[in-house]
Amino acid sequence: MFKKPLSDLKTSAPLRGSDRRKLKQRVLQGFPVLQTEEGDLLVPDGLQSQKFITHLDEPGVAYLSPDGDPLWFTVGKGSDELIPTVYSLWKRPDLLPFLSTPAPVVPKLIGGADLMIPGVVQHSPLLSPNQLVSVTQYHRGAIGPPLAVGRMAVSSDTLRSAEEADIKGKAVYILHTWKDALWEMGPSKKGDVPAPKEFKAAEDASEESKGGQTNGDPSSALPPDENDAEPSPSEQVGVDQPEAGSVGEGASSSSTTAKLTADDVSSLLRSALIQAVGTTLSALPPASFPISASTFWSSYILPARPAYALDVYGLTDASSIDAKHSTYKNVKSFLKASAKDGLIKLKETKSDIMVTAVFPKHQDVQTRRPHRTIGDIDAKTKKAEDKEQKEREAEEKRKGEIHVAELWKPFGTTVPFFVAAERDSSELYAIADIKDIVNNYITSRSLINANDQQYINVGSDQFLAGAVSVKGEDTPDFMKRDEVLKRVRAHMQTWHEIRAEGRDIVRKKGEIKAISVVVKIRQGRKACTLITGFEPFGLQADDLAEELRRVCASSTAVTPIHGKPNSLEVMVQGKQIKSVTELLIARGVPKRWIEASDQSGNKKK
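The notes below deal with the structure included here.

Procedures and definitions
Along every chain, residues carry numbers that run from 1 in the direction the sequence is written. Local features are withheld for residues below a pLDDT of 70 in this predicted model, meaning they are given only at 70 or higher, and side-chain atom pairs are given and counted only at 80 or more; totals for whole chains, interfaces and linings count all residues. Here the side-chain values reflect all heavy atoms present in the structure, with hydrogen atoms and water set aside. Under the scheme used here, helices are H or I runs from DSSP no shorter than 4 residues and strands are E runs no shorter than 2 residues, and both carry numbers assigned from the N terminus. Exposed residues in this analysis have more than 50% of their type's maximum accessible area, buried residues have under 20%, and partly exposed residues fall in between, with area computed by a 1.4 Å probe over protein chains only. Here the accessible surface of atoms and residues is derived via Shrake-Rupley with a 1.4 Å probe, and residues count as covered only by protein chains that are part of the display. Within this document, salt bridges are pairs made up of a side-chain nitrogen of Lys or Arg and a carboxyl oxygen of Asp or Glu, the two lying within 4 Å of each other. Note on pairing: DSSP must find at least two bridges between two strands before they are called paired. To form a nonpolar core, buried Ala, Val, Leu, Ile, Met, Phe, Trp, Tyr and Cys residues must be joined to one another through side-chain atoms within 4.5 Å. Contacts were defined at the residue level, with two residues in contact if any of their heavy atoms lie within 4.5 Å. Note on geometry: axes are C-alpha line fits, over the in-contact stretch for helices, and angles between N-to-C directions span 0 to 180 degrees. Counted as positive: Lys and Arg. Counted as negative: Asp and Glu. His and the chain ends are not counted at all. The arc in question is the one spanned by the directions pointing from the helix axis to the C-beta atoms. Stacked, edge-to-face and tilted labels apply to pairs of Phe, Tyr and Trp rings (six-membered ring for Trp) whose centres lie within 6.5 Å, assigned for plane angles under 30 degrees, over 60, and everything in between, in that order. In what follows, roughly perpendicular refers to angles from 65 to 115 degrees, roughly parallel to angles under 35, roughly antiparallel to angles over 145, and oblique to any angle outside these ranges. Residues are grouped as follows: Ala, Val, Leu, Ile, Met, Phe, Trp, Tyr, Cys and Pro are nonpolar; Asp, Glu, Lys and Arg are charged; every other residue, Gly included, is polar. Here a crossing is taken to be left-handed if its near helix is turned anticlockwise relative to the far helix by less than a right angle, and right-handed if that turn runs clockwise.

1. Describing the overall build of the protein
Moving on, step 1. Counting secondary structure elements, the protein contains 18 helices and 26 strands.
Moving on, step 2. Burial status across the protein gives 43% buried among its 605 residues.
Moving on, step 3. Per element, the accessible surface of the protein, about 31,400 Å² overall, is 49% carbon and sulfur.

Shown next as structure tokens:
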């Protein structure tokens, strides 16, 4: 919404004392997490209001601090809903429910994109569509500062379903972000981003339930291994938050991170095994077994470890959730205990222990509650990073791409028409420009045929008639619009423009031709590939021949073209159309400017 500068920004005006008090009351009523004394922090004395219009022509009002930082805003005609800015959320990070997303996604949000469902790593519980939320950058064992504000596009149930099924679409419609046009209004815009805050969890859920529900979330009273997904900061007791963060009367505001014991590790590893047996392992074909203990452990158990453990125990990574830190002390003992429980079947050999079967119908597997896994988070983060890498590579590729533009210049009978249309007759025009000029001229001169609007009364205007007339033919009284455009362009002078990063712009008269890549038979029986017409694209014959020799592992030669002293032909032995095309594209030549044909008649030997 604020990705582009505001189209209109009025002068700010101080808010009257009575209006400020009303605004403060609206904030306290709209955000019950706040206590009365906190109203002055977010609605301070000296508050100013400033009307604006976004680049999308939506009216709004921003409420600024005495220093000029926007703290609240409303947007939309007649809307009075107060939306906190990132400035306000940095003062009170828990003001809104949150969703976290990997670091590579954050620049996309700042650039104006909405948050998609695959980009959500964690989220607060009990979210509903249209609800205001904040978006943070994902950090293991900590919650980053809010970097965006938006409205939920789906519910938290949909987000939880997306963890098990491949559900796509938008998760949050972004309204405002750090570094957007609204943020840039504030003089504090160059301030440092607050550091992530570590999660703090209660040592056991029973202590939470004594004080009532935590942050209004009934599910937070469940033990960690019974939650649907990893706990979010809003599910924890006191995430470095004031007492107002808890709704239940008497809820504790200070607690310490739960200590990870050997028994906890054993329980988490068993949960991982049960999760793996019920999902990835049960989907394997019987021929996949037996599986060695090391492969079974690294490929199936470790990725299935519950992700919520990172937050509950304040871990920066999952390395502590391993067999050597459990009561089992090693993988072999863990697998033997699991086989004794009836979850898997083992076979011992002299050198190793093998898993020969798993039992998805085991009661613990059938009654399990799915959880988000370490593997899920790693996969989602890697997917986002891979996407970012691909976009960077595509951007680098675009930077090196050669841009070819076909242009036309007024010439002959079209010059008076362009003068009559009040356009420069010495300029070069793209086809879209010519179309706009012709259409605007037709509209301004009322030349559309009254009986059939797809026809233009060209005979009624001497300048348009001159531009479309053909020598030796009578000019018709009316003509279809597409034919008018086609004739005007045909009577103009053809030019072309070539742009490439690091090179001067080349504009030349005449039509540019595509690079020709042709396979022919030479010397009676041998096929060879001939490349011509590459000079206008800034390619050198010797460089092209050398690279083709290396890529195709074939001999190459450069020879002048008969009758064209300034043109050269590169020859490479064999049918090399694919290799040549790929090389030209890699050099920045657009595919549409490469014409390939095989004229060998399949006679290659």
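2. Re the pattern of salt bridges
Moving on, step 1. For the structure on display, the rule yields 25 salt bridges.
Moving on, step 2. Between D40 and R20 there is a salt bridge; the shortest N-O distance is 3.6 Å. Taken together, the positions of D40 in helix α2 (residues 39-42) and R20 in helix α1 (residues 17-30) put the pair 20 residues apart, joining distant regions of the chain.
Moving on, step 3. A network of salt bridges, in which partner residues are shared, links R20, K24, D40 and D45.

3. Digging into the sheet that holds strand β14 (residues 291-292)
Moving on, step 1. The 3 strands lie next to each other as β14-β16-β15, forming an open sheet whose pairing is antiparallel. In this open sheet, the two strands that pair with only one neighbour each are β14 and β15 (344-348).
Moving on, step 2. Relative to strand β16 (residues 353-358), β14 is paired through 2 bridges, and the arrangement is antiparallel. Following the sheet pairing, S292 is matched in β16 by M354.

4. A closer look at the pairing of strand β21 (residues 506-509)
On any regular strand, side chains alternate: one points to one face of the sheet, the next to the other face.
Moving on, step 1. Summarising the sheet, strand β20 (residues 493-499) and β21 pair through 4 bridges and their orientation is antiparallel. By the bridge assignment for β21, E497 is matched with R507.
Moving on, step 2. Count of turn residues in the β20/β21 antiparallel hairpin: 6 residues, of which G502 carries a positive phi of about 85°.

5. Concerning the nonpolar core
Moving on, step 1. L273, L281, F296, W297, I321, I344 and V358 are the most contacted members of the largest nonpolar core, which totals 40 residues.
Moving on, step 2. It is helix α7 (residues 262-278) that provides the largest number of residues to this core, a total of 8 residues.
Moving on, step 3. Not counting residues within four places of it along the chain, the set of residues in contact with L281 comprises A276, F289, I291, F296, Y300 and V358.
Moving on, step 4. If you look at the next biggest cluster of nonpolar residues, it comprises 37 residues, including L6, L96, V149 and W183.

6. Details of the environment of L175
Moving on, step 1. Relative to the helices and strands, L175 is located in strand β12 (residues 170-177).
Moving on, step 2. Along the sequence, L175 and L132 sit 43 residues apart, while their C-alpha atoms lie 9.6 Å from each other.
Moving on, step 3. Ignoring anything within four residues of it in the chain, the contact list for L175 reads M1, F2, F73, I83, L132, V149, G150 and R151.

7. Side note on the sheet that holds strand β23 (residues 526-532)
Moving on, step 1. On the basis of which strands lie adjacent, the open sheet formed by 5 strands has the order β24-β25-β23-β22-β26 and mixed pairing. The two strands at the open ends of the sheet, each matched to only one other strand, are β24 (556-561) and β26 (594-598). Strand-to-strand twist in this sheet, taken as the mean axis angle between neighbours without regard to direction, amounts to 25°.
Moving on, step 2. In terms of strand pairing, strand β22 (residues 515-522) meets β23 through 7 bridges, oriented antiparallel. What sits directly across from V517, in β23, is I531.
Moving on, step 3. Each of β22, β23, β25 (564-573) and β26 touches helix α18 (residues 577-586); the most contacted strand, β26, lies at about 175° to it.

8. Focus: the side chain of R305
Moving on, step 1. Tracing the chain through its elements places R305 in the loop between α8 (293-301) and α9 (308-312).
Moving on, step 2. It is D322 that comes nearest to the buried, bridge-free R305 among opposite-charge side chains, at 5.6 Å.
Moving on, step 3. Here R305 is in contact with L269, A272, A318, I321, H371, R372, T373 and I374, once residues within four sequence places are set aside.

9. Some words on α18
Moving on, step 1. Residues of α18 that are buried: V580, T581, L583 and L584. Burial along α18 is one-sided: seen end-on, the buried residues are contained in an arc of 165°. Relative to its buried face, α18 has exposed residues pointing more than 90 degrees away, namely K578 and A586.
Moving on, step 2. Buried residues along α18 sit in contact with β22, β23, α17 (541-552), β25 and β26.
Moving on, step 3. Residue G588 follows α18 closely and has a positive phi angle near 100°.

10. Concerning the packing of aromatic side chains
Two aromatic rings, taken as a pair, are described by how far apart their centres are and by the angle between their planes.
Moving on, step 1. Evaluation of the coordinates by the stated rule reveals 12 aromatic pairs.
Moving on, step 2. Considering the side-chain rings of F2 and F52, the 5.7 Å spacing of their centres and the 65° angle between planes classify their relative orientation as edge-to-face. Taken together, the residues F2 in the segment before β1 (8-9) and F52 in strand β3 (residues 48-53) connect sequence positions 50 residues apart.
Moving on, step 3. Overall, the relative accessible area of 1% leaves F2 in the buried class.
Moving on, step 4. Since its relative accessible area comes to 3%, F52 is described here as buried.
Moving on, step 5. Aromatic side chains F2 and F73 sit 5.5 Å apart centroid to centroid with 90° between the ring planes, which places their arrangement in the edge-to-face category. Residue F2 is found in the segment before β1, and its partner F73 is found in strand β5 (residues 70-75); the two are separated by 71 residues along the sequence.

11. Here's the deal with unusual backbone geometry
Moving on, step 1. For the peptide bond that leads from F289 to P290, omega is 5°, which places it in the cis range.
Moving on, step 2. Even without a glycine there, the phi angle at K179 is positive, about 75°.
Moving on, step 3. Here K179 is to be found in the loop between β12 and β13 (197-198).
Moving on, step 4. You can call K179 partly exposed: its relative accessible area is 46%.

12. Some details on the packing of α7 against α8
Moving on, step 1. Direction vectors running N to C along α7 and α8 enclose 85°, while the axes themselves pass 10 Å from each other. Compared by their axis directions, α7 and α8 come out roughly perpendicular. Residue-level contacts link L269, A272, L273 and A276 of α7 to F296, W297, Y300 and I301 of α8.
Moving on, step 2. Taken together, the residues of the contact of α7 with α8 break down into 8 nonpolar, no polar and no charged.

13. Remarks on the packing of helix α14 (residues 431-444) against helix α16 (residues 481-490)
Moving on, step 1. Viewed as axis vectors pointing N to C, α14 and α16 meet at an angle of 125°, and their least axial separation amounts to 10 Å. Looking at the two axes, α14 sits oblique to α16. Crossing handedness for the pair α14 and α16: right-handed. Along the contact surface, α14 presents I431, I434, K435, V438, N439 and I442, while α16 presents R481, V484, L485, V488 and R489.

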